[in-house]
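Here is how the chains run, residue by residue.
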Amino acid sequence: MTTPQAATDYATDIVKNACRQYNNDASRMMDILWCVQDALGGIDTDAMTVIAQQTSGYRVEVEGVVSFYSFFSSQPRPQVVRIYLCEDVIDQHAGIAEVAAVFERTLGIRIGQTSADIPVELHWTPCIGLSDQAPAALINFRPFTRLTPDKAEALARAILAGIAVHELPIGEGEGNNSKPLINVEVANNLRLPGAVYFAPHRPLSGLDNAGRLSPAQVRHEIRQAGLRGRGGAGYPVWKKWEAAATTASERRFVICNADEGEPGTFKDRLLLTEKADLLFEGMTIAAYAVGASEGILYLRAEYRYLHAWLNHLLLERRRQGLLGKAIRGMENFDFDIRIQLGAGAYICGEESALISSCEGRRGEPKTKPPFPAQAGYLGYPTVVNNVETLCAIPAILSRGSQWFAGLGTEQSSGTKLLSVSGDCSRPGVYEVPLGISVKEVLTLAGGVDAQAVQVGGASGEMIGVADFGRSLCFEDLPTAGAIMIFNGQRNLLSIVHYFMRFFVDESCGYCTPCRVGNVFLLQAVEKIMKGLGEAQDIESMRQLSETIIATSRCGLGHTSPNPVLSSLKHFPLVYSSLIRENAKGMQAGFDLEQALATARAIVRRPAEVLQCEVRLQPADAHASDRLTGVLAYPLIARSGLDDYTVPKVDSTDDPSAHQEDAES
Amino acid sequence: MKKLRLATTSLAGCFGCHMSLLDMDERLIDLLQFIEFDRSPLTDFKTFRQRCDIGLVEGGCCNEENVRVLRAFRENCDLLIAIGQCAIMGGLPVMRNAIMHAEQPLNECLQTAYAPSETVWNPACRIPADAELPLLLDKVYTCAEVVKIDYQIPGCPPSADALWYVLNAAVQGNPLDLPPELIRYD
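About the criteria used
- Residues numbered from 1 in each chain as written.
- Chains lettered and ligands numbered in written order.
- Predicted model: local features only at pLDDT ≥ 70, side-chain atom pairs only at ≥ 80, totals over all residues.
- Heavy atoms only, no water.
- Helix = DSSP H or I, 4+ residues; strand = E, 2+ residues; numbered from the N terminus.
- Buried < 20%, exposed > 50% of the residue type's maximum accessible area, 1.4 Å probe, protein only.
- Contact = heavy atoms within 4.5 Å.
- Buried area = accessible area lost by both parts, 1.4 Å probe.
- Salt bridge = Lys/Arg side-chain N within 4 Å of Asp/Glu carboxyl O.
- Polar contact = N/O pair within 3.5 Å; in protein donor to acceptor, adjacent residues only side chain to side chain.
- Axes fitted to C-alpha atoms, helices over the stretch in contact; angles between N-to-C directions.
- Parallel < 35°, antiparallel > 145°, perpendicular 65-115°, else oblique.
- Nonpolar A, V, L, I, M, F, W, Y, C, P; charged D, E, K, R; others polar.
- Pairing = 2+ DSSP bridges.
- 1 Å grid on protein atoms, 1.4 Å probe; cavity = no way out; pocket = protein on both sides within 12 Å on 5 of 7 lines; lining within 4 Å.
- Points joined across faces, edges and corners; volume = space filled by probe spheres on them.
- Domains from an automatic or database assignment.
- Expected span 1.5 Å × (residues − 1).
- Arc of directions from axis to C-beta.
- pLDDT = per-residue confidence, 0-100.

Trainee: Looking at this structure, I do not really get the overall build of chain B. What am I missing?
Mentor: Looking only at helices and strands, chain B has 7 helices and 7 strands in total. Beginning at the N terminus, the succession of helices and strands in chain B can be written as β-α-α-β-β-β-α-β-α-α-β-α-β-α. If one aligns the C-alpha atoms of chain B with their principal axes, the spans along those axes are about 60 × 40 × 30 Å. Expressed as a percentage of its 186 residues, the buried residues of chain B come to 49%. Taking contacts inside chain B between residues at least 6 apart in sequence as the whole, the part at least 24 apart equals 76%.

Structure below.
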């Protein structure tokens, strides 16, 4: 039996060791916090105080970081099993609600609540990159896929029986997923290999070809290839590289953005699982081209199950001289990569927010300019590229820029990985030339009865049948690759609603139009779904959307109104069928009786139409601390009148109250 | 020429907007040649005599009576104009909505106001519950959340000039668009 003091000392030692492991460096805060949370199950105020002392900061700074990321907990619970159920719209359609109900029932805990009795927690979390095998969940960051109520019950019972998470029964993983260092039941679901990413590549042929060129020549090759960023925005890669290379500095960085958080996207999962060596080769070439000697792979926490595998590959590369000093015998070319684990924040997919996170801070976007390529990580020129972008580099250097430029369309060269999910018979990853039409993708994936396709995830565009002939490329429909297919059974407004809720949750809160405006948009969607919307609500949604887009400083706010705007544009009938004009100039959205319900309960005054019995609640132990008019009656915060019974005025008024009135 | 009938009211406001109305000074007398006041604090009529051309509403809705008055105005006025920040955005009263994230917001609001403290003598811990008092709404609503509003005149309060300009334009049959200098506050 340990004394409280001993327990405190133990925790303090753990925290101090964690800080020491990272040289008490505040910029490694993310790693320190993960280290503490892994050992103690959470980071409480005491731990934050110690971390702040060790890293010469303030406790509130540490708390600011802990509270920003959804996977950090401020409640230490050693040995806790944390179950994160994916609440994404694809998982909802695949039946995550039934799975969640089984987990709740079997474990005896509610989602979002913690129980002192058993060390298990249930949480919702947005897309975890497994939409092609939904419904899915992470249990202590180990993915479990294609969940059914039966499977959920078996898992819950095993957890209750004390079976360790890494020993829970799983199906067989595909490809590298079955390797001991990964060992998860994830399927790769590569449906269509293409010319760039999944074509045979002679390892290091790209790097060796790059080594024969000068860094400037490598940058020129990339420019000639017309490679554009695969993260969604399509910014020309060579421009970032050129800016970073030509900004005078003693240090430069190459960061790989593996924070694939856009709902419905999972192609980076496949690349990280099967093509990580290609990625590291691409990062190495990028480092050579811009003169960087340090690289960071920013891995989203949802892909933490790949952490050990990727670290192993990095070790292998160091051993083979592919990382470290004088790579491949090239004098003056030193480069190494470390993995930075995220902690659950969609916004960290934005490059400047990602850099903030790498620096150990809240993942808030930075003001641009300066752009990361000029002053990024720790103020040094930094190239941030997506996993898919960097994976294309070795092929370009190996097979030539002309070959790459010949693929795809004029302004969108190369191939693109699509993450296809939803109502189709063959969900998975497709490598297709850019410029392919939505219709062709639907045919490939077997999405025969599609009513709508969400191109580019939550921040993308929802299109209808009339637009299925459009092309997936930067000239027409730009996308980071998420293709979510919805058939005629799906309620499009509830999909829009989910996406807006997602943005409300994921807004970092820095810009008011984004923090507040998205809430208003969400409320407007809810109003319309309830059938209380009026024509002017549509107009005000449009205006509000414009304001959010124009006045937010990062991509989240620039795109968050898209679910509303694109569904309004392509599915106007969905809205207009729910809109009605209210008679006599009254607003349908305002319900007087509902607005009065709370006050009626507090002052015990019934609606005139009601004749019902009073049912008093016994006063509780803290009654004397509160007001008499308040304490004796249960308040129902969101009550309709049916929720409680109210007294008739005359029969139930407290006689002593009258007495007091008379006295005063 | 038929006079325009005008009704005014102050809901959850401070009567500052009505002070601005009085602040038109002698112009009010000129205006009376063209306008007749119906229900208004100026006439002290508590109900509508006739249907009105214009209703001016000061203040938002914080209690049941505010809502009933506002609805009566909507039903009895052709044009309904919200005047002042409280009517348009909720103004000062809407600050109580800042606690709407509390579990029991209204309860907390009343606690804050009436719980015994160094400055509140309330030994019996009572809150006002007299049947004469209108019931509080769960939160403060702007006028446009409750009924359709045709025009809004911003300001805290809108200047007498702004109110005069609008009423004058209505009398002349001109469009009710305020020149920017009348709604500039910096």
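Trainee: It is not clear to me how the interface of chain A and chain B should be interpreted in this structure. Could you clarify?
Mentor: Interfaces are frequently sized by the accessible area removed from exposure as the parts join. Taken together, the contact pairs 29 residues of chain A with 35 residues of chain B. Summed over both partners, the interface of chain A with chain B buries about 2800 Å², with 61% contributed by carbon and sulfur atoms. Where chain A packs against chain B, one counts 2 salt bridges. For A:Glu534, the salt bridge is made with B:Lys148, and the minimal N-O distance between the two is 2.9 Å. Counting across the chain A and chain B interface gives 6 residue pairs in polar contact (both at pLDDT 80 or more).

Trainee: Honestly, the packing of helix H18 (residues 492–506) of chain A against helix H22 (residues 562–570) of chain A in this entry has me stumped. Any pointers?
Mentor: Residue and element names in this part refer to chain A. The N-to-C vectors of H18 and H22 enclose an angle of 160°; their axes lie 9 Å apart at closest approach. Of the possible angle classes, the one that applies to H18 and H22 is roughly antiparallel. Of the residues in H22, those touching H18 at Val496, Phe499, Met500 and Phe503 are Pro563, Val564 and Ser567. In the contact of H18 with H22, the residues fall into 6 nonpolar, 1 polar and no charged.

Trainee: What is the right way to look at the sheet that holds strand E10 (residues 415–422) of chain A in this model?
Mentor: Neighbouring strands of a sheet are bound in pairs by backbone hydrogen bonds; such pairs are parallel or else antiparallel. Residues and elements named next belong to chain A. Here 6 strands make up an open sheet; going across it, the order is E5-E11-E10-E14-E12-E13 and the pairing mixed. At either margin of the open sheet sits one strand with a lone partner, and together these are strand E5 (190–192) and strand E13 (461–464). Strand-to-strand, the axes of this sheet are offset by a mean angle of 30°, without reference to chain direction. Where E10 lies against strand E11 (residues 428–433), 6 bridges are found, and the strand directions are antiparallel. Paired with Leu418 across the bridge in E11 is Tyr430.

Trainee: Is there a simple way to think about the environment of A:Leu270 in this case?
Mentor: All names here are of chain A. Within the fold, Leu270 resides in helix H11 (residues 267–274). A residue is classified by how much of its surface remains accessible, and Leu270, at 1% relative accessible area, is buried. Residues within four places of Leu270 in sequence aside, it is in contact with Asn188, Leu190, Phe198, Lys275 and Val429.

Trainee: What is the right way to read empty space enclosed by the protein from this model?
Mentor: Here the idea is plain: a probe the size of a water molecule rolls over the atoms and shows the empty space left. Residue and element names in this part refer to chain A. One pass over the full model with this rule turns up 2 cavities of 30 Å³ or more. Estimated volume of the largest cavity: approximately 100 Å³. Forming the boundary of the largest cavity are 13 residues, of which Pro126, Arg300, Glu302, Ala345 and Tyr346 lie nearest the centre. Partitioning the lining of the largest cavity into residue classes produces 5 nonpolar, 4 polar and 4 charged. Counting the residues that make up the lining of the largest cavity, at least three belong to each of domain 2 (81–170) and domain 3 (192–405). As for the second largest cavity, its lining consists of 13 residues, of which Ser507, Cys508, Cys511, Cys514 and Cys554 are closest to the centre.

Trainee: What should I look at first to understand helix H7 (residues 149–160) of chain A in this one?
Mentor: Structurally, the α-helix is built with 3.6 residues per turn, so residues lying three or four positions apart point the same way. Residues and elements named next belong to chain A. For H7, with 12 residues, the first-to-last C-alpha span of 16 Å sits near the 16 Å given by 1.5 Å per residue. Turning to H7, its buried residues are Ala152, Leu155, Ala156, Ala158 and Ile159. An end-on view of H7 places all buried positions within 160° of arc, on one side of the element. Contacts made by the buried residues of H7 are with strand E1 (81–86), helix H6 (96–107), strand E2 (120–125), strand E3 (137–139) and strand E4 (142–144). Residue Gly162 follows H7 closely and has a positive phi angle near 90°.

Trainee: Looking at this structure, I do not really get the confidence of the model for chain A. What am I missing?
Mentor: With 91% of its residues at a pLDDT of at least 70, chain A reaches an overall mean of 89. Of the regions scoring below 50 in pLDDT, residues 609–664 of chain A engages in 76 contacts with residues more than four places distant in sequence or in other chains.

Trainee: How should the pattern of salt bridges be read in this particular structure?
Mentor: A pair can form between side chains of opposite charge whenever their charged atoms are brought close. Applying the stated criterion across every chain, the model contains 43 salt bridges over all chains. The closest approach of N and O atoms between A:Arg470 and A:Asp476, which form a salt bridge, is 3.0 Å. B:Asp150 serves as the salt-bridge partner of B:Arg74, at 3.2 Å between the closest nitrogen and oxygen. Of this pair, B:Arg74 sits in helix H3 (residues 64–76) while B:Asp150 is found in the loop between helix H6 (143–146) and strand E7 (151–153), placing the two residues 76 residues apart along the sequence. Under the relative-accessibility criterion, B:Arg74 is labelled buried at 9%. Each of A:Lys240, A:Glu350, A:Glu351 and A:Lys368 takes part in a single network of salt bridges with overlapping partners.

Trainee: Teacher, can you tell me more about the sheet that holds E2(A) here?
Mentor: All names here are of chain A. The strand order across the open sheet formed by 4 strands is E2-E1-E3-E4, and the pairing between neighbours is mixed. At either end of the open sheet lies a strand with only one pairing partner, and these are E2 and E4. Across the sheet, the mean angle separating the axes of adjacent strands is 25° when strand polarity is ignored.

Trainee: What's the story with the pairing of strand E1 (residues 4–10) of chain B in this structure? I'm lost.
Mentor: Regular strands place their side chains on alternate faces of the sheet. Residue and element names in this part refer to chain B. Where burial is concerned, most of E1 is hidden: 7 out of the 7 residues are buried. Side chains Leu4, Leu6, Thr8 and Ser10 project from E1 onto one buried face, and the interleaved Arg5, Ala7 and Thr9 project onto a second face that is buried too. Pairing between E1 and strand E2 (residues 35–37): 3 bridges, direction parallel. Each residue of the ladder has a partner; that of Arg5, found in E2, is Glu36. Bridge analysis of E1 against strand E3 (residues 52–58) gives 5 bridges, and the strand direction is parallel. Residue pairing across strands places Ala7 opposite Gly55, the latter belonging to E3.

Trainee: How should the layout of surface pockets be read in this particular structure?
Mentor: Put simply, the largest pocket is a space of about 2700 Å³. Along the wall of the largest pocket there are 48 residues; nearest its centre are A:Phe520, A:Gln523, B:Lys139, B:Tyr141 and B:Glu145. Of all the secondary-structure elements, those providing two or more residues to the lining of the largest pocket are helix H19 (512–529), helix H20 (535–551) and helix H24 (592–603) of chain A together with helix H4 (85–89), helix H5 (105–114), strand E6 (136–141) and H6 of chain B. No other element matches the 9 residues that H19(A) contributes to the lining of the largest pocket. The residue makeup of the lining of the largest pocket, split by class, is 25 nonpolar, 12 polar and 11 charged. If you count residues domain by domain, the lining of the largest pocket takes at least three from each of domain 5 (493–576) and domain 6 (621–663) of chain A. As for the second largest pocket, its lining consists of 49 residues, and the residues nearest its centre are A:Gly231, A:Gly232, A:Ala233, A:Gly234 and A:Gly349. Among the elements of the structure, helix H10 (237–246), H11, strand E9 (382–386), helix H21 (555–559) and H22 of chain A are those that each provide at least two residues to the lining of the second largest pocket.

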